[in-house]
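# Understanding the architecture of this molecule
Listed below are the residues making up each chain.
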Amino acid sequence: MMNTEDETSGGTVTLISKEGERFQVDTNVAKMSKLVESTIDEEDDDDDQLNDICLPNVKASVLAKVIEYCEHYQTDKMTAITTPLKSSKIEDLVQPWYADYVKVEQVMLFELVTAANFMDIKPLLDLTCLAVSVYIKGKSPEELRRIFNLSNEFTPEEEAQVREENKWAEQPPNNKNNNNDVTGTESDN
């Protein structure tokens, strides 16, 4: 572990949520966000007192959860998520704390994705996008429309035509007669 105390020792910054709720956060924790880091660097002329940093796109409940992630990450960095994924279970891909962290309501998960993207926190964005991908895996088009609040703009005739044209995509992957297996499952062991 590298100690960078002399650079930003004990400093704090105040993050302000969409509703105006204030969160006093250690500077090192807050700098996990590239957005916050660039704002702090711009205000670096006044080392003694950093201005408040407004995050108008992030609700207080979501910001509290983002801060929880960033604080934990300081002491226990998340294992990098590599692709292709070795499992469809999030518990097999990241440490238990991180797997539990994303076991939240769907709305909160999507808000965490949005906040991680807005605040530019790559490890959090990777984790939340992974959680969304695991969540939607194997869902039907109807379920996906409901999850993402999308309307079906096809008439029944158009939908039937699209299904016919893309029938190949709905075939089960374990077709024993298919000699064109590109999954590479045999070479994994």
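Here the residue index of a chain counts from 1 through its sequence in written order. Per-residue local features are limited, in this predicted model, to residues with pLDDT of at least 70; the limit for side-chain atom pairs, both in listing and counting, is 80 or more; totals at the level of whole chains, interfaces and linings are taken over all residues. Water and hydrogen atoms were dropped before computing side-chain values, which therefore reflect all heavy atoms in the structure.

## Quick notes on the overall build of the chain
Secondary structure is summarised from DSSP: a helix means a run of H or I of at least four residues, a strand means a run of E of at least two, and numbering begins at the N terminus for each. Across its full length, the chain carries nine helices and three strands. Taking all 189 residues of the chain together, 31% fall into the buried category. Contact definition: two residues touch when any of their heavy atoms are within 4.5 Å. Counted over contacts in the chain with a minimum sequence separation of 6, partners at least 24 positions apart contribute 57%. When the accessible surface of the chain is summed, it comes to about 13,100 Å², and 49% of that surface belongs to carbon and sulfur atoms. We call a residue buried when its accessible area falls under 20% of the maximum for its residue type, exposed when it is over 50%, and partly exposed in between, using a 1.4 Å probe and counting protein chains only. Each accessible area value is a Shrake-Rupley result obtained with a 1.4 Å probe; residue values ignore everything except the protein chains displayed when judging cover.

## Some points on the nonpolar core
The biggest cluster of nonpolar side chains holds 41 residues, and the ones touching the most others in it are Leu15, Leu63, Val66, Tyr69, Ile90, Met119 and Leu127. Counting residues per element, this core draws most heavily on helix α4 (residues 60-75), which supplies eight residues. The nonpolar core is taken to be a set of buried Ala, Val, Leu, Ile, Met, Phe, Trp, Tyr and Cys residues, with the residues joined through side-chain atoms within 4.5 Å.

## Focus on unusual backbone geometry
For the peptide bond that leads from Thr83 to Pro84, omega is 0 degrees, which places it in the cis range. By the element assignment, Pro84 lies in the loop between α4 and α5 (96-101).

## So, the pattern of salt bridges
The working definition used for a salt bridge is a side-chain nitrogen of Lys or Arg within 4 Å of a carboxyl oxygen of Asp or Glu. The full count for this structure, using the stated rule, is 10 salt bridges. A salt bridge links Asp41 to Lys31; its shortest N-O distance comes to 3.7 Å. Within this pair, whereas Asp41 is found in helix α3 (residues 34-42), its partner Lys31 is found in the loop between α2 (27-30) and α3, the two being separated by 10 residues in sequence. A salt bridge links Arg163 to Glu142, with the nearest nitrogen and oxygen atoms 3.0 Å apart.

## Some points on the sheet that holds strand β2 (residues 22-26)
With mixed pairing, three strands are arranged side by side in an open sheet as β2-β1-β3. Looking along the sheet, the strands with just one partner apiece sit at the ends: β2 and β3 (53-54). Criterion used throughout: strands pair if DSSP finds at least two bridges between them. In this sheet, β2 lies alongside strand β1 (residues 12-16) in antiparallel orientation, the contact comprising five bridges. For Val13, the partnering residue across the bridge sits in β2 and is Val25. Contacts between α4 and the sheet are confined to β1 and β2, with β2 contributing the most and set at about 10 degrees to the helix. In this description, a line fitted to the C-alpha atoms serves as the axis of each element, helices being fitted only across the stretch in contact, and the angle between N-to-C directions of two axes falls anywhere from 0 to 180 degrees.

## Observations regarding the packing of aromatic side chains
Here a Phe, Tyr or Trp ring, Trp counted by its six-membered ring, pairs with any other such ring whose centre lies within 6.5 Å, and the pair is stacked when the planes are under 30 degrees apart, edge-to-face when over 60, and tilted otherwise. Counted by the stated rule, this structure contains six aromatic pairs. A centroid spacing of 5.5 Å and a plane angle of 55 degrees characterise the contact between Tyr69 and Tyr101, whose relative ring orientation is tilted. Residue Tyr69 is found in helix α4, and its partner Tyr101 is found in helix α5; the two are separated by 32 residues along the sequence. Accessibility assignment for this pair places Tyr69 and Tyr101 in one class, buried. Measuring from ring centre to ring centre gives 5.3 Å for Trp97 and Tyr101, while their planes differ by 25 degrees; the resulting arrangement is stacked. Within this pair, Trp97 and its partner Tyr101 are both found in helix α5, separated by four residues, close to a single helical turn. We classify Tyr101 as buried; its relative accessible area is 2%. In this structure an aromatic cluster arises from ring pairing among Tyr69, Tyr73, Trp97, Tyr98 and Tyr101. Put simply, a charge is over a ring when the Lys NZ or the Arg CZ is close to the ring centre, within 6 Å, and near the line of the ring normal, within 35 degrees. Lys65 extends its terminal NZ or CZ atom over the ring of Tyr101, reaching a point 4.3 Å from the ring centre.

## Concerning the pairing of β1
With four of its five residues buried, β1 lies for the most part within the structure. If you look at the hairpin formed by β1 and β2, you'll find five residues sitting between the two strands, and Gly20 has a positive phi there, around 95 degrees. Sheet analysis places β1 next to β3, joined by two bridges and oriented parallel. Of the residues in β3, the one forming a bridge with Ile16 is Cys54.

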